[in-house]
Amino acid sequence: MRNALGLMLASVVAAVVIAAGGWFYYSTRADQGAPKTVAARVADPLPAQAKLAAKDDVETTATVAAKPAAPAPAPVMPMQPKQVCANPNALGVSRVVEIDTTGGPGFGFEHFKQFDFLTEKEVVLTFDDGPWPVNTPTVLKALADECTKGLFFSVGKHATYHPEILKQVLAQGHTVGTHTWSHVNLNSKKLTESQVKDEVEKGFSAVKFALGTNPAPFFRFPQLQHNPAMVSYFGTRNVAMFSTEIDSFDFRKGATPEKIVETVMTRLDKLGKGIILMHDFQKNTGLALPTLLARLKAGGYKVVQMKAKASLQTLPEYDEALMKDMKVPTAGTNTRPIASVVQTVSQ
């Protein structure tokens, strides 16, 4: 009996020991596993925090990347003449104005009186009818020697003849506008309304084709003959129109370089400021320009460059018609920038 009772007591003690050991074992395991469980629960929000951090990093990186990039254009405009120009006493550009062409504003007091944006002793240099061999490059050299800029109104047909010259105009930082397809008088009674529109829009497309990019939405009527219907039309196309204050009359017979300079300076000294109309198509204009720019500088005049807030959007049907007329394959990649087609990999 005692043996049986002892055996039962031993069994109970053993059971208690086993239970206690099991409790201690599992309690210890639970305690060891607790940090993992807690860590896992704490880690649950971490992906969200990581995403937030990643987002912050992207925004910060973008901001940091933008900070050096944003100021970069600012110094480029004012500093560019000093960096590029070898002439320490260059005429240069006193300021650059950006034109919002919405609604088709007009400039040049000979025809448009609304926007008097030039201050005393300020001029805008404008050139019509190019591009043309020899003559346009001569004008470009004279402007480059004085580190100054102009506004070129290109004839579409001439642009298709000499696209490489018009590209030089743009590459040197000048503004390129348009001047119809073939320099026809848009007030001519021989032209229908449809033909007038064709002259204008085909000119837009031709200049775009020559440049490889959209020109500025700046237009000058040939012979300053402002067709009333087209004036209204330009309002719908958001194209600014340009007249003049000072005509050089460099296209007239007997317009020698000396005569051109005197014509411009006499009128300019009387008005005190203005948009000057010249022609890079004319040989004597390029020959007169070095002296004219020197006279402007000596007279205390300053050059203002005009740029457009947005580029001109040509009409697809005229782009296609031009390509067809010129027998240019429209299925190719001619609209791609040359840098995306041809790259130097070894030199």
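Here goes a summary of the coordinates provided. Nothing here was measured: the structure is a model prediction, and the numbers come from that model. Within each chain, residue numbers correspond to sequence positions counted from 1 in written order. Selection of residues for local features in this predicted model requires a pLDDT of at least 70, selection of side-chain atom pairs for listing and counting requires 80 or more, and totals for whole chains, interfaces and linings are taken over all residues. Working from all heavy atoms in the structure, the side-chain values ignore hydrogens and water.

## Digging into the side chain of aspartate 250
Inspection of the secondary structure puts aspartate 250 in the loop between strand E8 (246-247) and helix H9 (257-271). Partly exposed describes any residue whose relative accessible area lies between the buried limit of under 20% and the exposed limit of over 50%, with all areas from a 1.4 Å probe on protein chains only and scaled to the type maximum. We count Lys and Arg on the positive side and Asp and Glu on the negative side, and we leave His and both chain ends out. For this document, the term salt bridge refers to a Lys or Arg side-chain nitrogen within 4 Å of an Asp or Glu carboxyl oxygen. Within the buried set, aspartate 250 has no salt-bridge partner at all; the shortest N-O distance to an opposite charge, 8.8 Å, is to arginine 252. Counting of polar contacts relies on pairs of N or O atoms within 3.5 Å, with two restrictions inside protein: one atom must be capable of donating a hydrogen and the other of accepting it, and residues adjacent in sequence are counted only when both atoms are side-chain atoms. Polar contacts involving the side chain of aspartate 250 include one to the side chain of histidine 279, which spans 2.6 Å. Side chain to side chain, aspartate 250 and threonine 285 meet in a polar contact 2.5 Å long. We count a stretch as a helix when DSSP gives it H or I for four or more residues in a row; a strand needs E for two or more, and each element gets its number in order from the N terminus.

## Observations regarding the pairing of strand E5 (residues 175-178)
Covered by surrounding structure in E5 are Thr175 and Gly177 together with Val176 and Thr178, the residues of both alternating faces. Following DSSP output, two strands are said to pair if at least two bridges run between them. With 4 bridges connecting them, strand E4 (residues 151-154) and E5 associate as parallel partners. Across the sheet, the residue bridging to serine 154 is threonine 178, located in E5.

## Looking at the packing of H9 against helix H10 (residues 283-298)
Note on geometry: axes are C-alpha line fits, over the in-contact stretch for helices, and angles between N-to-C directions span 0 to 180 degrees. Running from N to C, H9 and H10 cross one another at 40 degrees; their axes reach a closest spacing of 8 Å. Between H9 and H10, the interaxial angle falls into the category oblique. For the pair H9 and H10, the crossing hand works out as right-handed. Across the interface between the two elements, Pro257, Ile260, Val261, Glu262, Val264, Met265 and Leu268 from H9 touch Asn284, Thr285, Leu287, Ala288, Thr291, Leu292, Arg295 and Leu296 from H10. In terms of residue class, the contact of H9 with H10 is built from 10 nonpolar, 3 polar and 2 charged. In what follows, roughly perpendicular refers to angles from 65 to 115 degrees, roughly parallel to angles under 35, roughly antiparallel to angles over 145, and oblique to any angle outside these ranges. Handedness of a crossing follows from how the near helix is turned relative to the far one, being left-handed for an anticlockwise turn of less than a right angle and right-handed for a clockwise one. By definition in these notes, contact holds between two residues if any of their heavy atoms fall within 4.5 Å. Put simply, Ala, Val, Leu, Ile, Met, Phe, Trp, Tyr, Cys and Pro go in the nonpolar bin, Asp, Glu, Lys and Arg in the charged bin, and everything else, Gly too, in the polar bin.

## Some thoughts on helix H6 (residues 163-171)
Taken residue by residue, H6 has Pro163, Ile165, Leu166 and Val169 as its buried positions. Burial along H6 is one-sided: seen end-on, the buried residues are contained in an arc of 160 degrees. Elements in contact with the buried residues of H6: helix H4 (135-145), E4, helix H5 (156-161), E5 and helix H7 (193-211). Phi for glycine 173, located one or two positions after H6, is positive at around 90 degrees. Picture the helix axis, draw a direction to every C-beta atom, and the arc is the one those directions span.

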